[in-house]
Amino acid sequence: DMNRLVNAPPDPKLRIDAPKKLEELNRQYEKLQRELAEKSDAFAQYQRKKRATVADLQKLLPDDAALIDYVAYKDQVCAFVVTKKEIRRFELGEMKPVAEAVDRFREQLTRVEPLTGKENDPALVLRDKLWKPLLPAIGDAKLVLIAPDGALCRLPFAALPGADGSKYLVEEVAIATMPVPQTLFDLLAPRPEKKEAPSLLTMGDVDFDGGTELVLNKEPETPKFQRRRAGGPMSWSALPATREEIVSIGDSFKAAIPEGKILSIRGKEATETGVRSKLGQYEFVHLATHGFFSPKELTAKLKPKDDELRSASGEAPRAPSLNPGLLSGIVCAGANRPTDENDGVLTALDIAELDLSKVELAVLSACETGLGETAGGEGVFGLQRAFQLAGARTTVTSLWKVSDGATQKLMTRFYENLFKKNMGTLESLREAQLWMLKEGVTRGMVRADEGEEKPKRSPPFYWAAFSLSGDWR
């Protein structure tokens, strides 16, 4: 009901007080969550985890790792760097110029060099403000875990220049992100041995016009909210390369794990209901479709705290209290012809309410699935966080739209590393990104405009969109 009120507002002639109704539904939602928590044995475990100290966190960190927790507060930003040996805090200055530099940096991701040499280069600004001051604490760490906040959730850290200005950060260190540092307690806890054969669910080649019938009315329809991508209203276009993408991934999986189970959902079958019913049944999930985020004018209550983003049960975390979970989603079949029964979108709120504890890896190979609306300075609540709140161990998401052809090549390489070469998850992604960086131009995956000399290496636009959050191993 909340989803329908936000994304398909009622006809004004009905005189329904939508904001009031939303608030009532939200109160009911929170009341039910509290009642469930009181009856859950897992709640006690969750409370104990909340009381864990930074010293407990240090014990969990690998010897060669550093954790950076960026915190945006008031108009400032600071960072806590945690290693096995020490904990240090760094005041990094005002947030506004950092946020402005992030936006400018994202506009220049087709650059062919890490640094432009210009004084106002946003890459230089971001490196000097967010990374360089932390180096004494980071030391020789080979793995850096980053918990971003505010505008930094939009920043592809891998594409920042490294200590060597001719290289990108991804070439110098492995980087993974996590919603909050406390995630480590879940990620590194002992796990029961698996008895079932590995399984893979893929979704792609979605028919955004199918799944529902178009009903023509004689009278003009009341205007409804149009879903948006990259800030502008649009209908969802077909992604033809996603068919080859999911076929290639399936082939890699079969070759490496002949006894594994595979389900591929395509075309008109890729409905919201169909995807929702299958997500929690598979170990590996690959969704090659559009992502969406809603415009800011729909924001009503946007200041969730981290504790509000988790279910009181601890094992079945939930979405934020209201709009953040409704402002992003996965686009399914029939999304171009929504009805009251099926709007063709699986929202972050829907996903966060599922039990995805069986999911080891969820890859959202789509446009802007890592983005959500900035929620009152509390950071970005997007699909990445929704999957992890639902129990998915690791997610790989994209922060902007990359051509589906280039995405298909990168994803195929990633899964070959993961399934055939038995690499770790972050190692698989990083190798695929470095391969794309060094080989993309020569292999024709990166287009050079007519008359322009082909660059020697691929710009970050083509390889830095995807980031890993969660278990990096």
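Attention here is on the structure that accompanies the text. Here the residue numbers are simple positions, counted from 1 along each chain's written sequence. Predicted model: local features are reported for residues with pLDDT of at least 70 only, side-chain atom pairs are reported and counted for 80 or more only, and whole-chain, interface and lining totals are derived from all residues. Only hydrogens and water are set aside; all other atoms, that is, all heavy atoms of the structure, feed into the side-chain values.

1. Details of the overall build of the protein chain
Secondary structure elements follow DSSP: runs of H or I of four or more residues count as helices, runs of E of two or more count as strands, with numbering from the N terminus. When helices and strands are counted, the protein chain shows 15 helices and 16 strands. Expressed as a percentage of contacts within the protein chain between residues at least 6 apart in sequence, the contacts between residues at least 24 apart total 75%. Using a 1.4 Å probe, accessible areas were evaluated by the Shrake-Rupley method; residue-level cover was limited to the displayed protein chains. For the protein chain, the computed accessible surface area is about 22200 Å², with 49% contributed by carbon and sulfur atoms. Residues are treated as being in contact if the distance between any of their heavy atoms lies within 4.5 Å.

2. A closer look at the environment of Ile-249
Checked against the element boundaries, Ile-249 lands in helix H9 (residues 241-256). Throughout this description, buried means an accessible area under 20% of the type-specific maximum (1.4 Å probe, protein chains only), exposed means over 50%, and partly exposed covers the range between. Overall, Ile-249 belongs to the buried group, its relative accessible area being 0%. Considered as a pair, Ile-249 and Met-411 are 162 residues apart in the sequence and their alpha carbons are 7.8 Å apart. Among all residues touching Ile-249, those that are not within four sequence positions of it are Leu-200, Thr-202, His-286, Tyr-415 and Phe-419.

3. So, the pairing of strand S3 (residues 87-94)
Within a regular strand, side chains alternate between the sheet's two faces. What makes two strands pair is DSSP finding at least two bridges between them. Relative to S3, strand S2 (residues 76-82) is paired through six bridges, and the arrangement is antiparallel. When the bridges of S3 are listed, Val-82 appears paired with Ile-87. Between S2 and the antiparallel strand that follows it, S3, lie four residues.

4. Things to note about the packing of helix H13 (residues 404-420) against helix H14 (residues 425-439)
Where H13 meets H14, the closest approach of the two axes is 8 Å, and the angle between their N-to-C directions is 140°. In terms of orientation, H13 lies oblique with respect to H14. Along this stretch, H13 crosses H14, giving a crossing that reads as right-handed. Between H13 and H14, the residues in contact are Ala-406, Lys-409, Leu-410, Arg-413, Phe-414, Asn-417 and Leu-418 and Thr-425, Ser-428, Leu-429, Glu-431, Ala-432, Gln-433, Trp-435 and Met-436, respectively. The angle between two axes is taken between their N-to-C directions and runs from 0 to 180 degrees, where each axis is a line fitted to C-alpha atoms and a helix contributes only its stretch in contact. Small angles under 35 degrees read as roughly parallel and large ones over 145 as roughly antiparallel, with 65 to 115 read as roughly perpendicular and the rest as oblique. We call a crossing left-handed when the near helix sits turned anticlockwise from the far one by less than a right angle, and right-handed when that turn is clockwise.

5. Structural notes on the packing of aromatic side chains
Pairs were defined over the aromatic rings of Phe, Tyr and Trp, the Trp ring being its six-membered one, requiring ring centres within 6.5 Å. Orientation was assigned from the angle between planes: stacked under 30 degrees, edge-to-face over 60, tilted for the rest. Within this structure, the stated rule accounts for nine aromatic pairs. Between the aromatic rings of Tyr-70 and Phe-157, the centroid separation amounts to 5.7 Å while the plane-to-plane angle is 20°, which identifies the pairing as stacked. Of the two residues, Tyr-70 sits in strand S1 (residues 65-73) while Phe-157 sits in the loop between strand S4 (143-147) and strand S5 (174-177), which places them 87 residues apart along the sequence. Each member of the pair, Tyr-70 as well as Phe-157, is classed as buried. Within the aromatic cluster, the residues linked to one another by ring pairs are Phe-253, Phe-284, Phe-414, Tyr-415 and Phe-419. Lying over the aromatic face of Tyr-282, Lys-261 brings its terminal NZ or CZ to 4.7 Å of the ring centre. Two conditions define a charge located above a ring, namely a distance within 6 Å from the ring centre to NZ of Lys or CZ of Arg, and an angle within 35 degrees of the ring normal.

6. Overview of empty space enclosed by the protein
Both cavities and pockets are sets of points on a 1 Å grid over the protein atoms alone; in a cavity a 1.4 Å probe fits but cannot get out, in a pocket the set is open with protein on both sides within 12 Å along at least five of seven lines, and lining residues sit with an atom within 4 Å of a point. Grid points are joined across faces, edges and corners, and a volume is the space filled by probe spheres set on the points. Per the counting criterion, the structure on display carries three cavities of 30 Å³ or more. As for the largest cavity, its lining consists of 32 residues, of which Thr-177, Gln-384, Leu-399, Ser-467 and Leu-468 are closest to the centre. Counting only elements with at least two residues in the lining of the largest cavity, the list comes to S5, helix H12 (383-389), H14 and strand S16 (466-470). Under the grouping applied here, Gly and all other residues not named as nonpolar or charged are polar, the nonpolar ones being Ala, Val, Leu, Ile, Met, Phe, Trp, Tyr, Cys and Pro and the charged ones Asp, Glu, Lys and Arg. Classifying every residue of the lining of the largest cavity by side-chain character gives 21 nonpolar, nine polar and two charged.

7. Looking at unusual backbone geometry
With a phi angle near 50°, Lys-74 is a residue other than glycine that sits in the positive phi range. By the secondary structure assignment, Lys-74 is in the loop between S1 and S2. Phi angles above zero are rare outside glycine, and Asp-205 is one such case at about 50°. Following the sequence through the fold, Asp-205 ends up in strand S6 (residues 199-206). Taking the relative accessible area as the measure of exposure, Asp-205 reaches 23% and is therefore partly exposed.

8. Describing the pattern of salt bridges
In the sections that follow, a salt bridge refers to a side-chain nitrogen of Lys or Arg positioned within 4 Å of a carboxyl oxygen of Asp or Glu. Under the criterion given, the structure shown has 15 salt bridges. Here Arg-154 ties to Asp-103 by a salt bridge, and the two come within 2.9 Å at their closest N and O atoms. On the criterion of sequence distance, the pair formed by Arg-154 in the loop between S4 and S5 and Asp-103 in helix H5 (residues 95-107) is long-range, its members being 51 residues apart. Of the residues examined, Arg-154 reaches a relative accessible area of 18% and is grouped as buried. Residues Glu-283 and Lys-194 are paired through a salt bridge, measuring 2.9 Å at the closest nitrogen-oxygen approach. Here Lys-194 lies in the loop between helix H8 (183-187) and S6 and Glu-283 lies in the loop between helix H10 (272-278) and strand S10 (284-287), a separation of 89 residues in the sequence.

9. Focus on the nonpolar core
Within this scheme, the nonpolar core is defined by two criteria: the residues are buried Ala, Val, Leu, Ile, Met, Phe, Trp, Tyr or Cys, and they are joined through side-chain atoms within 4.5 Å. Among the nonpolar cores identified, the biggest contains 85 residues, and Tyr-70, Leu-152, Phe-414, Trp-463 and Trp-472 are the most heavily contacted of them. By size, the runner-up hydrophobic cluster in this structure holds 33 residues, among which are Val-331, Leu-346, Leu-383 and Ala-386.

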